[in-house]
Amino acid sequence: MSLNSSNLEGPANLLAIVVDIPPHLMLLECGPHHYLNSVLAFANLHLGASVNRKLCIVAATHTTTEFLYPPLYPDDQRVRQKDGRLEQLQCLDECVEKRLKELMLHQHNPVNGQANGCSSAAQPPDSLLSGAMGRALLFLRRHIGSSKAASNTARMLVLKVAGESVGQYLNYINVYLTAQKLGVPVDVCCLMTDCGLLQQGADITGGYYHKLTEPQSLLQTLVVLFSLGSWGGGSGKGGRSGGVVALPPPDTVDYRAACFCHRALVNMANVCSNCLSVYCKTVPLCSTCNVFFPIEMPMKRPAKKRR
Ligand SMILES: [Zn+2]
Ligand SMILES: [Zn+2]
């Protein structure tokens, strides 16, 4: 018991997992069950390793974000031991399953469905990942601040399923800068396709970015690449050099910004001198801060065709 109590006073190791649950999750090669089970198994590994581990799981769908764990009401946490299993892990499994079912029920709400049907005509709807990351940061911030031990380590792991989400460019950047300030590295695991904005986040905060082309090996990837921060030195701040496994060097980061007018990634752009909004074309008025740019030489005006 003395060992336990001394551990409890030790530095806490916090992990926030942000799970992308897009409508096209069903199309994933390995299926949504394998995906969610892998995430849950990884969460179990983290929580079961030591008494001073803290965990939160936030799900992001295209309509809402939701805490899957910890439970909203502490009453839910009172679980009796079954089959000699750790109560905490049993609580984690049950809580995530319950919240996930509730979340899915709301997703299939016909009212929501119709609303999405309209917006998804052009392209599949974006998951609200940046919002979920913001909520995860709040959780981490609360627990980083709660303990007097300065050596608390916190990390965030973001799982993203296929697709770029350029529409939330500003929100992402705000989350990254906040995470950087709090000293929280953001690890990213993208399934199937790259996501340039999340790659930027991993780079800014000192996290690790990995694109996984075989979703079958999600759990192995998570354990090998993303648990080092929790097992290893734990000196945090993205320092992975002291890890047991030599990770492959990160790719070159795609640092293109998304323009505010079309939400497209651009190499060269016009930047508002007042608020730093990015526009892919010359604009007479900044739509963010309403600053007017007097243009002396008007842009070449397309000649009107007259017949
Ligand atoms: Zn544009
Ligand atoms: Zn502006």
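These remarks concern the structure in this document. The shown structure was predicted, so the numbers you read here are calculated from the model rather than taken from an experiment.

On to the overall build of the protein chain. Secondary structure summary: the protein chain contains nine helices and ten strands in total. When burial is assessed residue by residue, the protein chain has 43% of its 307 residues classed as buried. Once local pairs closer than 6 in sequence are excluded, the contacts in the protein chain between residues at least 24 apart make up 63%. Of the roughly 17400 Å² of accessible surface on the protein chain, 56% is carried by carbon and sulfur atoms.

Next up on the list: the coordination of the zinc ion (ligand 2). Around the zinc ion (ligand 2), the protein supplies C272 (SG), C275 (SG), C286 (SG) and C289 (SG) as donor atoms, at distances of 2.2 to 2.3 Å. Mapped onto the sequence, the residues coordinating the zinc ion (ligand 2) show the spacing C-x2-C-x10-C-x2-C. In this pair, C275 is assigned in the loop between strand 9 (270–271) and strand 10 (278–279) and C286 in the segment after strand 10, connecting sequence segments eleven residues apart. Here C275 falls in the partly exposed class, since its relative accessible area comes to 31%.

Turning next to the packing of helix 2 (residues 31–48) against helix 8 (residues 218–226). Closest axis-to-axis distance for the helix 2/helix 8 pair is 8 Å, and the angle between their directions is 30 degrees. Crossing geometry of helix 2 relative to helix 8 is assigned as right-handed. Residues H34, Y35, S38, A41, F42 and L45 of helix 2 pack against L218, L219, L222, V223 and F226 of helix 8. Residue composition of the contact of helix 2 with helix 8, grouped by class: nine nonpolar, two polar and no charged.

Moving on: the sheet that holds strand 5 (residues 186–191). Taken in spatial order, the six strands line up as 3-2-1-4-5-6 in an open sheet, and their pairing is mixed. Since the sheet does not close on itself, it has two edges, and those belong to strand 3 (65–69) and strand 6 (209–212), each with one partner. Each strand of the sheet is rotated relative to its neighbour by a mean of 20 degrees, with strand direction disregarded. In terms of strand pairing, strand 5 meets strand 6 through four bridges, oriented parallel.

The full count for this structure, using the stated rule, is five aromatic pairs. Pairing F260 with Y279 gives two aromatic rings, centres 6.4 Å apart and planes at 55 degrees, and the pair type is tilted. Pair noted here: F260 is in the loop between strand 7 (257–258) and strand 8 (265–266) and Y279 is in strand 10, with a separation of 19 residues, a long-range link. Classification of Y279 by relative accessible area gives buried; the value is 3%. Put simply, the rings of Y169, F260 and Y279 pair up and form one aromatic cluster. Stacked on the ring of F260, the Lys or Arg R263 has its end atom at 5.7 Å from the ring centre.

Here we come to the pairing of strand 2 (residues 53–60). Within strand 2, seven of the eight residues are buried, which leaves it mostly tucked inside the rest of the structure. The parallel pair strand 1 (residues 13–20) and strand 2 is bridged by helix 2, and the resulting crossover is right-handed. Where strand 2 lies against strand 3, four bridges are found, and the strand directions are antiparallel. Across the sheet, residue A59 finds its bridge partner in strand 3, namely E66. Counting the residues between successive antiparallel strands, the hairpin from strand 2 to strand 3 contains four residues.

Rules behind the numbers
Residues numbered from 1 in each chain as written. Chains lettered and ligands numbered in written order. Predicted model: local features only at pLDDT ≥ 70, side-chain atom pairs only at ≥ 80, totals over all residues. Heavy atoms only, no water. Helix = DSSP H or I, 4+ residues; strand = E, 2+ residues; numbered from the N terminus. Buried < 20%, exposed > 50% of the residue type's maximum accessible area, 1.4 Å probe, protein only. Contact = heavy atoms within 4.5 Å. Areas by Shrake-Rupley, 256 points an atom, 1.4 Å probe, with all protein chains shown as cover. Donors = N, O, S within 2.8 Å, 3.2 Å for Na, K, Ca; no water. Axes fitted to C-alpha atoms, helices over the stretch in contact; angles between N-to-C directions. Left-handed = near helix turned anticlockwise from the far one by under 90°. Nonpolar A, V, L, I, M, F, W, Y, C, P; charged D, E, K, R; others polar. Pairing = 2+ DSSP bridges. Phe/Tyr/Trp six-rings, centres within 6.5 Å; stacked < 30°, edge-to-face > 60°. Lys NZ or Arg CZ within 6 Å of the ring centre and 35° of its normal. Right-handed = clockwise from strand over helix to strand, strands pointing away.

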